[in-house]
Amino acid sequence: MTTRLIGASVPRSEDRRILDGAGVFIDDIEPAGCLHVAMVRSTCANGRIRRVDATPARAAPGVVAVYTADDLGELGRRNLPLLIPNPALTEPRTQFLLAFEYVHFVGEAVAMVVAESRYAAEDAAGLVEVDYTEFPAVVGPLNAFHSKERAHVDMNTNVAAHFVQEHGDTEAAFEGATRVLEREFMVERSAATPIECRGVVAIPEQTGQLLVYDSSQAPSTIRAGLSTYLGVAEHEVEVVAPDVGGGFGVKLPVFYPEEILVPWAARRLGAPVKFVEDRSEHFVASNHERAQWHRVKVGYEEDGRICGLVDEFIHDAGAYCPYGIIIPIVTASRLPGPYKIPAYGSEMHVVYTNTVPVTPYRGAGMPQGAFVMERVIDLIARDLGVDRAEVRRRNFIAPDEFPYVVGLMDEDGTTTTYDSGDYPRGFEKLLESIGHAGFPAEQAAALAEGRRIGIGFGCYVEGTGCGPYEGARIHVETTGKVFVSTGIATQGQSHCTILSQIVADVLGVALDDVVVKTGDTRQFKWATGTFASRIAVVAGSAVAEAALLVKEKAAEIAARIFEASTADVAFEDGDVFVKGSPDVRIPLRQVAVLANPLRYAFSSEALAATQFVGDGERAKAPPPSEVAPGLEATAYASPEFATFASGAHAAVVEVDVETGAVRILRYSVVHDCGRMINPAVVEGQVHGGTAQGIGGALYERICYDEEGQLKNANFMDFLVPYASEIPEICVEHTETPSPLNPLGVKGVGEAGCISAAPAVIGAIEDALGVEITSSPLSPEMVAGLAAGSAGGEAAGSFAARGGVGQSRGETDGA
Amino acid sequence: MVLEDSRAVRVVVNGEVREADAPVRMLLSDFLRHRLGLTGTHVGCEQGVCGSCTIHLNGDPHRSCLLLAVQAHGEEITTIEGMREHPVALSFARCHAIQCGFCTAGLVMSATAFLREEPAPSRQAIVGAVSSNLCRCTGYQNIVRAVAEAAAEMGAQADERASPDTSAAVGPG
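Keep in mind the model is a prediction, meaning the values are calculated, not measured.

Hey, could you run me through the environment of Ile306(A) in this one?
Residues and elements named next belong to chain A. Tracing the backbone through its elements, the reader meets Ile 306 in strand β14 (residues 306–316). Exposure remark for Ile 306: the relative accessible area of 5% places this residue in the buried category. Placed 133 residues apart in sequence, Ile 306 and Ala 173 show a C-alpha to C-alpha distance of 9.2 Å. In this structure, Ile 306 is in contact with Val 298, Gly 299, Tyr 300, Lys 340, Ile 341, Pro 342, Met 373, Ile 377, Ile 380 and Asn 395, ignoring residues within four places of it in sequence.

In structure tokens, the structure reads:
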């Protein structure tokens, strides 16, 4: 394949529509006669529903229907699916479409109002009366693990799953270790909060088909599931993901209740029905992530090399676990990151709490693992009095040790095995970028001025590009446009641009002539979905293969015309010709015409492909009967193993000891996602992820009170960073191509967010000379740390803030 | 019925007179999007925090989710649909300042209003100005760059207009 576009930072094909205000997002879709939904949500975190009275709401102006669980018939008695079962998940719980008998979190859907406008629907939703018998709420992972209260009152435990894994002999490792250290760590609950909330619009068409627009990251799966839940033939339902305003995992779950209820109501009412979340609703009705408590024991040598590590952790699943135990499995398998740990044991407890359910959010368990591991490395360095960078160097997996078996179960059920990487090279580049060598002098000079500055590091390995598969169809139109359709959905990752680059390179056509359509089951039925940084790897490989098949077919047709060998047919600038005779060329679109034997000559170009053309050469052109018509091909890529991207972050911060304010002075990232298709897109992904990670370290904390009420369900109180909070981020790259796919690519989507918290919090630790074991930090906590070691411990050490098993308030409860 | 109490709202949007009925409680953002079909203005929070719904009302940036449609009666409005080919918009594309594109309209509207007030801003001033809007995708890096480049470009164009003789002497730039 000639390479002209792969590797180039070409402008995005998506931007023109966006800048013209011509993007089509879910709330922009409003068919004539559209009805609008407002949901009635539980105000009770844990309770039994005594009574739902929808009578006043049904009589309200503009109301078309109000549905409760009882109005749904059999559908109302069917739980949402447990998507990924696991034998260790002994107490699976998923929710009903509308709460039936019990509610388990504030925000759980209890009733659905359909009205002529959203305004009328909201008015009526306020009139639905729900009485609850309230039970004590269970909030916070540690509390859930030790409490006598139950998040699900029909269970005699809060533990949904218990899973123990070991790779190597940890007991022997600790016996041989010269030093052993134990610590507890806490990562609090957070949320993805894309700027566009979720939505779904269902349109019953005159043909009997049901057309569903859904801001989903997995429209193909939604279609298959809808068919099952609604009892409709698959071919009667089509699902389209329009432009989606950010996903980050929160739009992945199959299903949120509205994704079934709205199509169900549209069929029942025979009218288009639309639901779009509002922001406050999003906080209590769209899933969260991150909350985990860890206790680590690590054994190491005097030189800092780790001999063994055991991590016991409690993962907060929220009220239900539709994704099984995928997030803690990712945490467990990714916790070692780039470090060689000869003996590693992991024990997870997955607990229910009366809070919004937990499903993957960008990083999906990796940020928690990285936070714990990087803190451990810093603690070892502190214990030994060795530079933190040096301890990392001593523990890196060496470049010649790949493929490297980490050993624990990966998210796809395989044994976690890194395909390739060069961690030391990236890390040295990072140290240079952040100015590590000169930092001690810089820090001393600052201190002499009374300024407290510090440096911190965070390394990570990111699992990307897992299976099972993605596919694509490429069709060279007779207009010369190359139409690419793939089932994956896109939420801003520039997928259309990077897939176009691959196709344009293979077929030798202009980038502008490639049109990529994603997430539309009318165009392409088969897909897994957009998650786990897998599109460039999996869909990219499928697109590359389909393009090669199209090229092969075009070469065969062109070879007949030119009376040449297929091997000699060349592709360039949208034309085909025989190598060595570039002056005699025909456009690829003409080859496309000839690939379709026609009965009717509707244009001068089509005339060339009709059956009765007298011209001898042209008559030879139509393909033989065993070849499908059209210059078109479909291909799939099904990687057996994931690719593993990697990288490292470094931050230099200044801490105001009076106010606890943290200012990031410098921030560097070195990232390795194998061969880059579009470096500007890669950088954009790293920038955005890093900002989310910084938010996760300093600002973003989902705060529940002890009654299970979410106290900061809006952007005033849940602090997504503005530009003023994000420093200039210096991004550099290393490229160690993956051996697992022909493009040599690895994913990049989640990378940025994984190691920002360890880098920033490590830097604060360094600035203040204290130990910090929880994330995120608030200014109050930082000021407490700065006030002295006693206060510092109180703010920084989770155990010191109440200890294991005590009742939790809002500070650590969620 | 208060719910049904509507008014005819007439506005000049992107240079065109538009009129439609709006319930008195209807937000300007909803009016623009669902009555006038100008769906380029996006609504991210309805609480005035995210800035996605920013429009120009008589030239000044406003959150359209914090205004009622009836308040805009008789006023002049510019939305993203009126910003085609604007140097700021073009700069956003050139600088990879767009990912999902949901917040983009609001940022372009905020940035254009800012640059009118402050045509030659420092990086610090740009950071301050775009801190009126939330973006969850880009980490703001390329947004800040895009505004800076647009400012430089618009400044250069203004200079050319101000002193055509000088620019002719210097030659094509």
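What is the right way to look at the confidence of the model for chain A in this model?
When pLDDT drops low, the exact placement of atoms in the prediction is not to be read closely. Here chain A averages 93 in pLDDT, and 94% of its residues register 70 or above. Considering only residues more than four positions removed or in separate chains, one finds that residues 789–814 of chain A, a stretch of pLDDT under 50, has 63 contacts.

For this particular structure, what's the right way to read the pairing of strand β10 (residues 210–214) of chain A?
Looking down a regular strand, the side chains alternate between one sheet face and the other. Residues and elements named next belong to chain A. Where burial is concerned, most of β10 is hidden: 5 out of the 5 residues are buried. In β10, alternate side chains face the same way, and those of Leu 210, Val 212 and Asp 214 on one face and Leu 211 and Tyr 213 on the other are all buried. Note that strand β9 (residues 199–204) and β10 share 5 bridges and pair antiparallel. Within β10, the position partnered with Ala 202 by the bridge is Val 212. Hairpin connection from β9 to β10: 5 residues lie between these consecutive antiparallel strands, with Gly 208 at a positive phi of about 95 degrees. By the bridge criterion, 4 bridges tie β10 to strand β11 (residues 237–240) in an arrangement that is parallel.

Where do I start with the domain arrangement of chain A in this structure?
By convention, interface size is frequently given as the accessible area that disappears when the constituent parts associate. Residue and element names in this part refer to chain A. Per the domain assignment, the segments of chain A are domain 1 (31–135 + 196–245 + 251–285), domain 2 (292–466 + 640–813) and domain 3 (467–637). The gap between the C-alpha centroids of domain 1 and domain 3 is 41 Å. Counting the surface lost from both domain 1 and domain 3, the interface buries some 1200 Å², and carbon and sulfur atoms represent 49% of this. When the buried area of domain 1 at its contact with domain 3 is split by residue, Gln 217, Ser 220 and Glu 238 rank highest and sum to 38% of it. Remark: the boundary between domain 1 and domain 3 carries 1 salt bridge. Across the contact surface, domain 1 and domain 3 share 8 residue pairs in polar contact (both at pLDDT 80 or more). Those elements that place two or more of their residues in the side of domain 1 that touches domain 3 are β10, α6 (219–230) and β11. Looking at the side of domain 1 that touches domain 3, the element that brings in the most residues is α6, giving 4 residues.

Where do I start with helix α15 (residues 535–562) of chain A in this structure?
One turn of the α-helix equals 3.6 residues, which is why residues spaced by three or four share an orientation. All names here are of chain A. Taking 1.5 Å of rise per residue, the 28 residues of α15 would be expected to cover 40 Å, and the 38 Å separating its terminal C-alpha atoms lies within 8% of that figure. Summarising burial for α15: 21 of the 28 residues are buried, a large majority. Just beyond α15, the residue with positive phi is Glu 563, at close to 55 degrees.

Where do I start with helix α10 (residues 366–384) of chain A in this structure?
All names here are of chain A. If you check α10, its first and last C-alpha atoms are 27 Å apart, about what 19 residues at 1.5 Å a residue would give, namely 27 Å. The buried fraction of α10 amounts to 17 of the 19 residues, a majority that puts the element mostly inside the structure. One or two steps after α10, the chain reaches Gly 385, where phi turns positive at roughly 70 degrees.

I keep staring at the domain arrangement of chain B and nothing clicks. Help me out?
All names here are of chain B. Assigned domains within chain B: domain 1 (2–82) and domain 2 (87–165). The centre of domain 1, based on its C-alpha atoms, is set 23 Å off from the matching centre of domain 2. Sorting the residues of domain 1 by area buried against domain 2 places His 42, His 56 and Ile 80 first, and these three jointly supply 38% of that buried surface. Counting across the domain 1 and domain 2 interface gives 0 salt bridges. Applying the counting criterion to the domain 1 and domain 2 interface returns 7 residue pairs in polar contact (both at pLDDT 80 or more). Looking at the side of domain 1 that touches domain 2, the elements that each hand over two or more residues are β3 (54–57) and β4 (60–63). Ranked by residues supplied to the side of domain 1 that touches domain 2, first place goes to β3 with 3 residues. Taken together, the residues of the side of domain 1 that touches domain 2 break down into 6 nonpolar, 10 polar and 1 charged.

Please clarify how the interface of chain A and chain B should be interpreted in this entry.
Counting from both sides, the interface comprises 59 residues of chain A and, opposite them, 49 residues of chain B. Carbon and sulfur atoms make up 57% of the surface buried where chain A meets chain B, a total of about 4200 Å² over both sides. In terms of surface lost to chain B, no three residues of chain A exceed Leu19(A), Tyr119(A) and Ile195(A), which account for 19% of the buried area on that side. Put simply, chain A and chain B have 7 salt bridges between them.

Explain the sheet that holds strand β6 (residues 129–134) of chain A to me, please; I cannot follow it from the model alone.
Note on sheets: strands pair through backbone hydrogen bonds, and any given pair is parallel or antiparallel. Strand order in the open sheet formed by 3 strands is β4-β2-β6 (chain A), and the pairing between neighbours is antiparallel. Edge strands, defined here as strands with exactly one partner in the open sheet, are β4 (102–103) and β6 of chain A.

Would you take a moment to explain the confidence of the model for chain B for this structure?
The pLDDT averaged across chain B works out to 93; a share of 92% of its residues lies at or above 70. Scored below 50 in pLDDT, residues 166–173 of chain B makes 1 contact in the model with residues more than four places away or belonging to other chains.

Just to check I follow, could you spell out the sheet that holds strand β26 (residues 643–655) of chain A for this structure?
Residues and elements named next belong to chain A. One open sheet holds the 4 strands; their spatial order is β18-β26-β27-β28, and the pairing between them is mixed. Either end of the sheet is taken by a strand with one partner, and the two such strands are β18 (452–464) and β28 (729–733). Neighbouring strand axes in the sheet, compared pairwise and without regard to direction, differ in orientation by 15 degrees on average. Pairing geometry for strand β27 (residues 662–672) and β28, over 5 bridges, is parallel. Each bridged residue has a counterpart across the sheet, and for Val 669 the counterpart in β28 is Val 731.

Please clarify how the state of the cysteines should be interpreted in this entry.
Note: disulfide means a covalent bond formed between the sulfur atoms of two cysteine side chains. Counted under the stated rule, the structure contains 0 disulfides over all chains. Summary of cysteine pairing: Cys753(A) is not part of a disulfide, and the nearest cysteine sulfur, belonging to Cys137(B), is at 13 Å. Look at Cys753(A) and you get buried, because its relative accessible area is 6%. Considering cysteine sulfurs only, Cys135(B) is the nearest to Cys103(B), which forms no disulfide, with 3.8 Å between them. A residue is classified by how much of its surface remains accessible, and Cys103(B), at 7% relative accessible area, is buried.

What counts, and where the lines are drawn
What you see as residue numbers is a count from 1 along each chain, following the sequence as written. Labels are handed out in written order, letters beginning with A for the chains and numbers beginning with 1 for the ligands. In keeping with the predicted nature of the model, local features appear solely for residues at pLDDT of at least 70, side-chain atom pairs appear and are counted solely at 80 or more, and the whole-chain, interface and lining totals rest on all residues. Hydrogens and water molecules were not included; the side-chain quantities draw on all heavy atoms of the structure. Put simply, DSSP marks the helices as runs of H or I at least four residues long and the strands as runs of E at least two long, and each gets a number from the N terminus on. For every residue, the accessible area obtained with a 1.4 Å probe (protein chains only) is divided by the maximum for its type, and the residue is called buried under 20%, exposed over 50%, and partly exposed between those limits. Throughout, a residue-residue contact means that at least one pair of heavy atoms, one from each residue, lies within 4.5 Å. Every residue gets a pLDDT, meaning the predictor's confidence in that residue, from 0 to 100. Strands were regarded as paired on the criterion that DSSP finds at least two bridges between them. Those domain boundaries reflect an automatic or database domain assignment. Two parts placed together each lose some accessible area under a 1.4 Å probe, and adding up what both lose gives the buried area. Whenever a carboxyl oxygen of Asp or Glu lies within 4 Å of a side-chain nitrogen of Lys or Arg, that contact is scored as a salt bridge. Counting of polar contacts relies on pairs of N or O atoms within 3.5 Å, with two restrictions inside protein: one atom must be capable of donating a hydrogen and the other of accepting it, and residues adjacent in sequence are counted only when both atoms are side-chain atoms. Expected span of a helix, by definition, is 1.5 Å for each gap between consecutive residues, and there is one gap fewer than residues. For this classification, Asp, Glu, Lys and Arg are treated as charged, while Ala, Val, Leu, Ile, Met, Phe, Trp, Tyr, Cys and Pro are nonpolar and the rest, including Gly, are polar. In this analysis, axes come from line fits to C-alpha atoms, helices being fitted only over the stretch in contact, and the angle between any two N-to-C directions falls in the range 0 to 180 degrees. By disulfide we mean two sulfur atoms from cysteines, separated by a distance within 2.5 Å.

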